[in-house]
Amino acid sequence: MKTNILMVCLGNICRSPLAEGILKNKVNSNSVYIDSAGTGGYHIGNSPDPRSIAVAKKYDIDISEQKCRQFKIEDFDKFDTIYVMDLNNYNNITKLTRDQNQKEKVKLLLSETDLETKEVPDPYHDDNGFEHVYQLIDNACSTIADKLGE
Ligand code: 4NP
């Protein structure tokens, strides 16, 4: 059986597309399915932000084909773990949970790291933030891949 992992941020154009692309690059797609979504619906159908595409490309990861979608209730059934980037996302998603099992699926991505900071900052208004965001996400995804035995 595949492990299904969903990466969630607000817009699904900056952070979670990076998280999807970075984790996909570390695991075997035969055993792990990874997707991403946004809590907001402002950019549905759009490609990732060009600044996220560029920083991923710098590390030989192509996220340009991803398309933005909004989180939906059925995602609680489909996914084993829902990684959120910040506490805003956490509150928005856990508000929608119907039981404890669903709530336990929702985790801050950086809770997988030893880092003091537990939130991936929103880089949308910060051109210089994308490298930092990439490194934070990469750190967490390395641990996730290790845990999955990949
Ligand atoms: P993301 O960044 O949540 O990492 O995709 C954002 C993208 C767009 C907006 C906010 C955050 N926005 O307000 O449009």
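Quick note: structure is the one above.
Residues numbered from 1 in each chain as written. Predicted model: local features only at pLDDT ≥ 70, side-chain atom pairs only at ≥ 80, totals over all residues. Heavy atoms only, no water.

Secondary structure assignment for the protein chain yields six helices and four strands. Written out in order from the N terminus, the α and β elements of the protein chain read β-α-β-α-α-β-α-α-β-α. For the protein chain, the C-alpha radius of gyration of 14 Å lies close to 15 Å, the compact-globule estimate for 150 residues. For the C-alpha atoms alone, the extent of the protein chain along its principal axes is close to 40 × 35 × 30 Å. (Helix = DSSP H or I, 4+ residues; strand = E, 2+ residues; numbered from the N terminus. Rg over C-alpha atoms; globule rule 2.2 N^0.38 Å.)

Let's shift gears to the pairing of strand β1 (residues 3–9). A regular strand places its side chains so that they alternate between the two faces of the sheet. In terms of burial, β1 is largely enclosed, as six of its seven residues are buried. By the bridge criterion, seven bridges tie β1 to strand β2 (residues 32–38) in an arrangement that is parallel. Looking at β2, one finds that cysteine 9 is bridged to glycine 38. Taken together, β1, helix α1 (residues 15–24) and β2 form a β-α-β motif whose crossover is right-handed. (Buried < 20%, exposed > 50% of the residue type's maximum accessible area, 1.4 Å probe, protein only. Pairing = 2+ DSSP bridges. Right-handed = clockwise from strand over helix to strand, strands pointing away.)

What follows concerns the pattern of salt bridges. Per the counting criterion, the structure on display carries 10 salt bridges. Aspartate 35 serves as the salt-bridge partner of arginine 69, at 3.0 Å between the closest nitrogen and oxygen. With a gap of 34 residues between them, arginine 69 in the loop between α2 (50–58) and α3 (75–78) and aspartate 35 in strand β2 connect regions that are remote in the sequence. This pair shows no difference in class: arginine 69 is buried, exactly as aspartate 35 is. Across the pair aspartate 77 and arginine 98 runs a salt bridge whose closest N-O atoms are separated by 3.8 Å. One end of the pair, aspartate 77, is in helix α3; the other, arginine 98, is in the loop between α4 (87–94) and α5 (100–104), with 21 residues separating them in the sequence. Its relative accessible area of 52% is what places arginine 98 among the exposed residues. Three or more residues are tied together by salt bridges with common partners; here these are Asp35, Arg69 and Asp75. (Salt bridge = Lys/Arg side-chain N within 4 Å of Asp/Glu carboxyl O.)

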